[in-house]
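Observations on the model geometry
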Amino acid sequence: MSYLATTIGRKQIVGICGLGLSLFILVHMLGNLLVFVSPQAYNEYGYLLTSNKLIYIAEAGLLAIFLGHVVYTIILSLKNKSARPSKYAVTAKGEKKTSMASKTMIYQGIIILIFIVHHLITFKFGEEYEVQYGEVVMRDLYRLMTEVFAQPLYVAWYVVAVILLGYHLSHGFSSSIKTLGFYHPKHTPKIDMLGWLFSAIVTLGFISQPLFIYLNN
Amino acid sequence: MGGSDNTKINLKLKVWRQKGPNDAGMFQDYDAKDISVNMSFLEMLDVMNEDLISSGQEPIEFDHDCREGICGTCSLVINGEPHGPDRGVTTCQLHMRRFQNGDTVVIEPFRAKAFPIVKDLVVDRSAFDRIIQAGGYISTNTGNAVDANAMPIGKDIADEAFKSAACIGCGACVAACKNASASLFTSAKISHLAYVPQGQAEKSERAFNMVVQMDEEAFGACTNTGACSAACPKEISLENIAIMNREFAKASGKRRK
């Protein structure tokens, strides 16, 4: 049997891809913070990224780790579901209960997947407004964003989805490290804490922009 | 016996009854009356069975053997918790004083595709035996038992190996896991032998083969929920699973070369 045909091999791929995606969303969140600097800074950052030909390689890489994470997770989840065909009548409530975040990872993932597709349609493949700074004409993503985040329902959905993403990371971050084989009685609690901190920072960062724009309108 | 108390309690039991592997099975209600709080959970079931037999009914089948928490034979999921509500205890060591008069107690078998139900609360855990057969041993002829401490092993390593070796193979980890994963059991066996010098020669093959066998037995994958370790009567640490993940990755790397 090959490494990628085993549950542990697949879990490790899911974990590595998940950590890669975590790094991406951290950078994405930090980039978005330019909203607080100025519309020009935000648009120029977008222009800097998209005007470089290397963006296609980066996007292909991102798509690959995203698919690795999603496809192997689906395969593993189906195996996991089939491993318990008949359910218990009672769920553990006391000291032996399981955390909700760890139990519902796949459902959080499905909603996050829907959010990402919707998010790409709205922004990446959304309205192409233009703006000129000096000589350079570039996409006015800031304008699109202010229009989108003027809708309270969109802001609400965005905030809920981002909180769910943070919830997903609160288990996923430290779980990936364990799956890759790192566990230490002294360091693991610190890594768990780091996972929580990372999730909180990413969540708060992503929430701050739509709220800022909505409330400033 | 000193310290015993004469309190008797009455319980409502909902017990899973299933005639055989292919029967659909269902819960049946029983009244457990005048149960001494000094009884173990299994003794309570013994008393129930005495009543069932004397009234001409089928007794409730359940697994048990040593009744002192070391053999790994007893099982049961009690109110959703494998081996009941207490940590670090097997069902045979769970006492009725843990319950209140009038409580409803739901008793189910360990549920997993890899642990098919034989009858009532008895499940077939031979999948664990096959995982052990895939590599949970050392193939050296050791002759007679050697003197204690004849092989120099650091106290820290001996302690870690012993903690992993404490696994009694009861299957509560599988029963507790939402994925019915056997990762805690398999990893305890892999790390126990990976710690000690006798286990080094086959370390890599062992990790690989035991994981492959575990996958073939219809257990699910680990998602690090920690439910296994919380339910484990021997409180085997999740660290073992990380060790297994690491040893397995190393073994896969070696096989490619």
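Just so you know, these numbers come straight off a predicted model, no measurement behind them. (Residues numbered from 1 in each chain as written. Chains lettered and ligands numbered in written order. Predicted model: local features only at pLDDT ≥ 70, side-chain atom pairs only at ≥ 80, totals over all residues. Heavy atoms only, no water.)

Describing the sheet that holds strand 5 (residues 104–108) of chain B
Residue and element names in this part refer to chain B. Ordered by their spatial adjacency, five strands build an open sheet running 2-1-5-3-4, and the pairing between neighbours is mixed. Each edge of the open sheet is held by one strand with a lone partner, namely strand 2 (26–36) and strand 4 (81–82). The pairing of strand 1 (residues 8–17) with strand 2 spans nine bridges and is antiparallel. Opposite Leu-11, over in strand 2, you have Ala-32 as the bridge partner. Along the sheet, helix 1 (residues 41–54) contacts strand 1, strand 2, strand 3 (77–78) and strand 5; its crossing angle with strand 2, the most-contacted strand, is approximately 105 degrees. (Pairing = 2+ DSSP bridges. Helix = DSSP H or I, 4+ residues; strand = E, 2+ residues; numbered from the N terminus. Contact = heavy atoms within 4.5 Å. Axes fitted to C-alpha atoms, helices over the stretch in contact; angles between N-to-C directions.)

Looking at empty space enclosed by the protein
Residues and elements named next belong to chain B. The tally for this structure, following the rule as stated, stands at two cavities of 30 Å³ or more. Approximately 100 Å³ is the volume attributed to the largest cavity. Along the wall of the largest cavity there are 14 residues; nearest its centre are Cys-167, Gly-169, Cys-170, Cys-173 and Cys-232. Mapped by element, the contributors of at least two residues to the lining of the largest cavity are helix 4 (172–176) and helix 5 (183–195). (1 Å grid on protein atoms, 1.4 Å probe; cavity = no way out; pocket = protein on both sides within 12 Å on 5 of 7 lines; lining within 4 Å. Points joined across faces, edges and corners; volume = space filled by probe spheres on them.)

Overview of the packing of helix 2 (residues 39–50) of chain A against helix 6 (residues 141–148) of chain A
Residue and element names in this part refer to chain A. It is the contact of helix 2 with helix 6, at a shortest axis distance of 8 Å, that shows an interaxial angle of 115 degrees. The orientation of helix 2 with respect to helix 6, classified from their angle, is roughly perpendicular. For the pair helix 2 and helix 6, contact is made by Pro-39, Tyr-42 and Asn-43 and by Leu-141, Tyr-142 and Met-145, respectively. (Parallel < 35°, antiparallel > 145°, perpendicular 65-115°, else oblique.)

Some thoughts on the interface of chain B and chain A
Counting residues at the interface gives 51 residues for chain B, matched by 37 residues for chain A. Of the roughly 3600 Å² buried between chain B and chain A, counting both surfaces, carbon and sulfur atoms make up 54%. Our count for the chain B to chain A interface comes out at one salt bridge. In this structure, the salt-bridge partner of A:Glu95 is B:Arg87, at a minimum N-O distance of 4.0 Å. On inspection of chain B and its partner chain A, the count reaches 27 residue pairs in polar contact (both at pLDDT 80 or more). Put simply, the parts of the chain that give the side of chain B that touches chain A at least two residues each are strand 4, strand 5, helix 4, helix 6 (203–216), helix 7 (227–231) and helix 8 (239–256) of chain B. In terms of residue count, the dominant contributor to the side of chain B that touches chain A is helix 8 of chain B (eight residues). Counted by class, the side of chain B that touches chain A contains 28 nonpolar, twelve polar and eleven charged residues. (Buried area = accessible area lost by both parts, 1.4 Å probe. Salt bridge = Lys/Arg side-chain N within 4 Å of Asp/Glu carboxyl O. Polar contact = N/O pair within 3.5 Å; in protein donor to acceptor, adjacent residues only side chain to side chain. Nonpolar A, V, L, I, M, F, W, Y, C, P; charged D, E, K, R; others polar.)

Observations regarding the domain arrangement of chain B
The parts lose accessible area when they come together, and the size of an interface is often stated as this lost area. Residue and element names in this part refer to chain B. Once the domains are mapped, chain B shows domain 1 (8–118) and domain 2 (125–256). Inter-centroid distance (C-alpha atoms) of domain 1 to domain 2 is 29 Å. Contacts between the two partners involve 20 residues from domain 1 and, on the opposite side, 22 residues from domain 2. Roughly 1500 Å² of surface becomes buried between domain 1 and domain 2 when both sides are summed, with 63% attributable to carbon and sulfur atoms. The tally of links between domain 1 and domain 2 comes to one salt bridge. Linking Asp-63 and Arg-125 is a salt bridge whose minimum nitrogen-to-oxygen distance equals 3.1 Å. Here domain 1 is connected to domain 2 by four residue pairs in polar contact (both at pLDDT 80 or more). Each residue belonging to the side of domain 1 that touches domain 2 can be placed in one class, and the counts come to ten nonpolar, seven polar and three charged. (Domains from an automatic or database assignment.)

Points about unusual backbone geometry
All names here are of chain B. For His-83, which is not a glycine, the phi torsion comes out positive at approximately 65 degrees. Following the sequence through the fold, His-83 ends up in the loop between strand 4 and strand 5. Residue class for His-83 comes out buried when judged on its relative accessible area of 0%. With phi around 55 degrees, Asn-224 is a residue other than glycine that occupies positive phi space. (Buried < 20%, exposed > 50% of the residue type's maximum accessible area, 1.4 Å probe, protein only.)

Considering the environment of B:Trp16
Residues and elements named next belong to chain B. For Trp-16, the position within the fold is in strand 1. C-alpha of Trp-16 to C-alpha of Met-26: the two residues are ten residues apart in sequence and 5.6 Å apart in space. If we skip the residues at most four places from it in the chain, Trp-16 touches Ala-24, Gly-25, Met-26, Phe-27, Ile-107, Glu-108, Pro-109, Arg-111, Ile-117, Asp-120 and Leu-121. Only 2.8 Å separates the side chain of Trp-16 from the side chain of Gln-18, close enough to count as a polar contact.

As for the packing of aromatic side chains
Aromatic ring pairs are defined here through the distance separating the ring centres and the angle between the ring planes. Residue and element names in this part refer to chain A. Counted by the stated rule, this structure contains 17 aromatic pairs over all chains. Look at Phe-123 and Phe-149: their rings are 5.8 Å apart centre to centre, the planes differ by 50 degrees, and that puts the pair in the tilted class. Of this pair, Phe-123 sits in helix 5 (residues 105–124) while Phe-149 sits in the loop between helix 6 and helix 7 (152–179); the two residues are 26 residues apart in sequence, bridging distant segments of the chain. Assigned by exposure class, Phe-123 and Phe-149 land together as buried. Judged by centre distance (5.2 Å) and plane angle (25 degrees), the ring pair of Phe-173 and Phe-198 falls under stacked. Of the two residues, Phe-173 is situated in helix 7 and Phe-198 in helix 8 (residues 188–216); the sequence distance between them amounts to 25 residues. (Phe/Tyr/Trp six-rings, centres within 6.5 Å; stacked < 30°, edge-to-face > 60°.)

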